[in-house]
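Fold and contact review
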Amino acid sequence: MSATTIIDTAPLGALIRYTDGNPKPPARFTKKLAAWERSNGVGRLVKKEPPRVYPTWTAPASFTLHEGNFSSDGVILVTIMRSHSADSRLIFEVAEEPKPGQVCVLLDFGGNTELLHLAESVTAAELWIAREGYRNARFEIVGADDGDRAGGADLAA
């Protein structure tokens with residue numbers, strides 16, 4: 001799939017695999033392996049952005065993948081996010097979609113929606129919102145109709 005297809009069809013919370021099509025080099029070639037890892041990986045789709053028009057140019061549509069966290073003693077020190085534009089030459093595929101019944105914890109800002117957390121249940125989502133202190137966060141149940149979606153905007157720690 002192309003990056004445009006991911007932007008158009010993949011739901012927030014989906015695991016997206018991307019590749020440049022090249023085989024993985026042997027571990028002894030550390031520089032080549034590091035370069036290969038920058039163009040081949042997997043991440044959870046957390047944000048989609050439409051094209052942005054600036055006075056001198058237009059930024060293409062893009063999406064952001066959450067690839068992981070580095071933590072120490074339960075404290076997240078670094079979060080790895082990688083953005084890809086619609087004109088990316090990489091090959092993308094949806095490796096896994098969120099399961100029905102899971103809950104997406106979302107935050108709306110600047111006209112966009114960002115996935116903060118993917119919880120297994122409404123209770124787990126409410127606890128996560130309360131623990132993390134996102135006052136404007138809301139949640140949506142995966143697979144629920146629009147009328148069945150719940151919001152948790154006033155939950156805070």
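Residues numbered from 1 in each chain as written. Predicted model: local features only at pLDDT ≥ 70, side-chain atom pairs only at ≥ 80, totals over all residues. Heavy atoms only, no water.

Observations regarding the packing of aromatic side chains
Put simply, the test is: Note on aromatic pairs: the rings of Phe, Tyr and Trp (six-membered ring only in Trp) are paired at centre separations within 6.5 Å, and the planes decide the class, stacked below 30 degrees, edge-to-face beyond 60, tilted for the rest. Numbering of helices and strands starts at the N terminus; helices are DSSP runs of H or I of at least 4 residues and strands are runs of E of at least 2. Partly exposed describes any residue whose relative accessible area lies between the buried limit of under 20% and the exposed limit of over 50%, with all areas from a 1.4 Å probe on protein chains only and scaled to the type maximum.
For the coordinates displayed, the defined rule picks out 4 aromatic pairs. Look at Y18 and F92: their rings are 6.3 Å apart centre to centre, the planes differ by 45°, and that puts the pair in the tilted class. Remark: F92 occurs in strand β7 (residues 91–96) and Y18 occurs in strand β1 (residues 15–19); sequence separation between them is 74 residues. Taking the relative accessible area as the measure of exposure, Y18 reaches 1% and is therefore buried. Residue F92 is classed as buried on the basis of its relative accessible area of 1%. When the centroid spacing of 5.6 Å and the interplanar angle of 10° are considered together, the rings of W128 and Y134 count as stacked. Exposure remark for Y134: the relative accessible area of 31% places this residue in the partly exposed category.

Points about the confidence of the model for the protein
This is how the line gets drawn: Per residue, pLDDT measures the predictor's confidence, with a range of 0 to 100. Only heavy atoms matter for contacts: two residues are in contact if any of them lie within 4.5 Å across the pair.
Taken over all residues, the pLDDT of the protein has a mean of 87, while the share at 70 or more is 92%. Taken element by element, the predicted model of the protein shows its lowest mean pLDDT in strand β10 (residues 138–141) (89) and its highest in β1 (95). With pLDDT under 50 throughout, residues 147–157 is counted as low confidence; its partners more than four residues away or in other chains account for 24 contacts.

Some points on the nonpolar core
Counted only if it meets this: Here, nonpolar core means buried Ala, Val, Leu, Ile, Met, Phe, Trp, Tyr and Cys residues that are tied together by side-chain atoms lying within 4.5 Å of each other.
I6, I16, L45, F63, L65 and F92 are the most contacted members of the largest nonpolar core, which totals 13 residues. Of all the secondary structure elements, the ones that give two or more residues to this core are α1 (3–9), β1 and β5 (62–72). The element that contributes the greatest number of residues to this core is α1, accounting for 3 residues. Dropping the residues within four chain positions of it, L45 is found in contact with A10, P11, L12, G13, A14, I16, F63, T64, L65 and L115. Counting residues in each nonpolar core, the second largest holds 8 residues, with V103, W128, I129 and A137 among its members.

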